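Examining the three-dimensional arrangement
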Amino acid sequence: MAGNKTFTMLKPDAVENGYTGKILDMIIDAGFKIKAMKLTHLNEEQAKKFYEVHKDRPFYMELVEYMTSGPIVAAILEKENAVEDFRKLIGATDPAEAEEGTIRKYFAASKAKNAVHGSDSDENAEIECKFHFSDNEIVG
Ligand code: ADP
Ligand code: MG
């Protein structure tokens, strides 16, 4: 059965460019409930660990540098079929391929600086939520 929880980050370019409110509006309008949220600035160790699955990809260090370049907004989102529906809302990794009406189509600058993260499976959503939030930071 599909889970009801996903994890997102509004990435440094989105926060820096003042898109936080607009992106959160789109997320809430799409029916997601915010269960936890924080403004934070990842250090190198955290960014490397979060994106460890990509450690052998050529863009890994570029990604770590980008994700540590400024504050991010991390959040846990709840909705039926959350992971899949959120991936639809954010659009393709490369904004040039993202559908009209998606967050990345509106706000992503490039395939690297693509404004927003969304978990790709229920299993990873669980891991990513735990990576950023302790139980007492999540509302019931
Ligand atoms: P997604 O975020 O859509 O799940 P991936 O998991 O494949 O995409 O990649 C993680 C992140 O790494 C992307 O969101 C993007 O910021 C960055 N990235 C992916 N592919 C590239 C690339 N070819 N060059 C630079 N950065 C990339
Ligand atoms: Mg991914």
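See the structure shown above.
Here's a quick rundown of the structure. Nothing here was measured: the structure is a model prediction, and the numbers come from that model. (Residues numbered from 1 in each chain as written. Chains lettered and ligands numbered in written order. Predicted model: local features only at pLDDT ≥ 70, side-chain atom pairs only at ≥ 80, totals over all residues. Heavy atoms only, no water.)

1. Quick notes on the side chain of Arg-104
Checked against the element boundaries, Arg-104 lands in helix α6 (residues 103-107). It turns out Arg-104 is buried and unbridged, and the closest side chain with the opposite charge, Asp-13, is 8.9 Å from it. A distance of 2.8 Å separates a polar atom in the side chain of Arg-104 from the backbone oxygen of Val-116. Other than its neighbours up to four places away in sequence, Arg-104 contacts Lys-11, Arg-87, Ile-90, Gly-91, Ala-92, Thr-93, Pro-95, Ala-98, Asn-114, Val-116 and His-117. (Helix = DSSP H or I, 4+ residues; strand = E, 2+ residues; numbered from the N terminus. Buried < 20%, exposed > 50% of the residue type's maximum accessible area, 1.4 Å probe, protein only. Lys, Arg positive; Asp, Glu negative; His and termini not counted. Salt bridge = Lys/Arg side-chain N within 4 Å of Asp/Glu carboxyl O. Polar contact = N/O pair within 3.5 Å; in protein donor to acceptor, adjacent residues only side chain to side chain. Contact = heavy atoms within 4.5 Å.)

2. Notes on the nonpolar core
Judged by nonpolar contacts, the single largest core of 20 residues is most densely connected at Leu-10, Ile-23, Ile-27, Phe-32, Phe-86 and Ile-103. Put simply, the parts of the chain that give this core at least two residues each are α1 (12-16), α2 (20-29), β3 (72-78), α5 (82-90) and α6. Those residues in contact with Ile-23 that lie beyond four places of it in its chain are Leu-10, Ala-14, Ile-103 and Phe-107. Among the nonpolar cores identified, the runner-up in size contains 17 residues, and Ala-47, Val-64, Tyr-66 and Met-67 belong to it. (Core = buried A, V, L, I, M, F, W, Y, C linked by side-chain atoms within 4.5 Å.)

3. Some details on the pairing of strand β1 (residues 5-10)
Across a regular strand the side chains alternate sides, sitting on one face of the sheet and then on the other. Taken across its six residues, β1 has five buried, putting it largely inside the fold. Sheet analysis places β1 next to β3, joined by six bridges and oriented antiparallel. If you follow Lys-5 over to β3, its bridge partner there is Glu-78. Direction of pairing for β1 relative to strand β4 (residues 116-118): antiparallel, over a ladder of three bridges. For Thr-8, the partnering residue across the bridge sits in β4 and is Gly-118. (Pairing = 2+ DSSP bridges.)

By themselves these figures say nothing about function.
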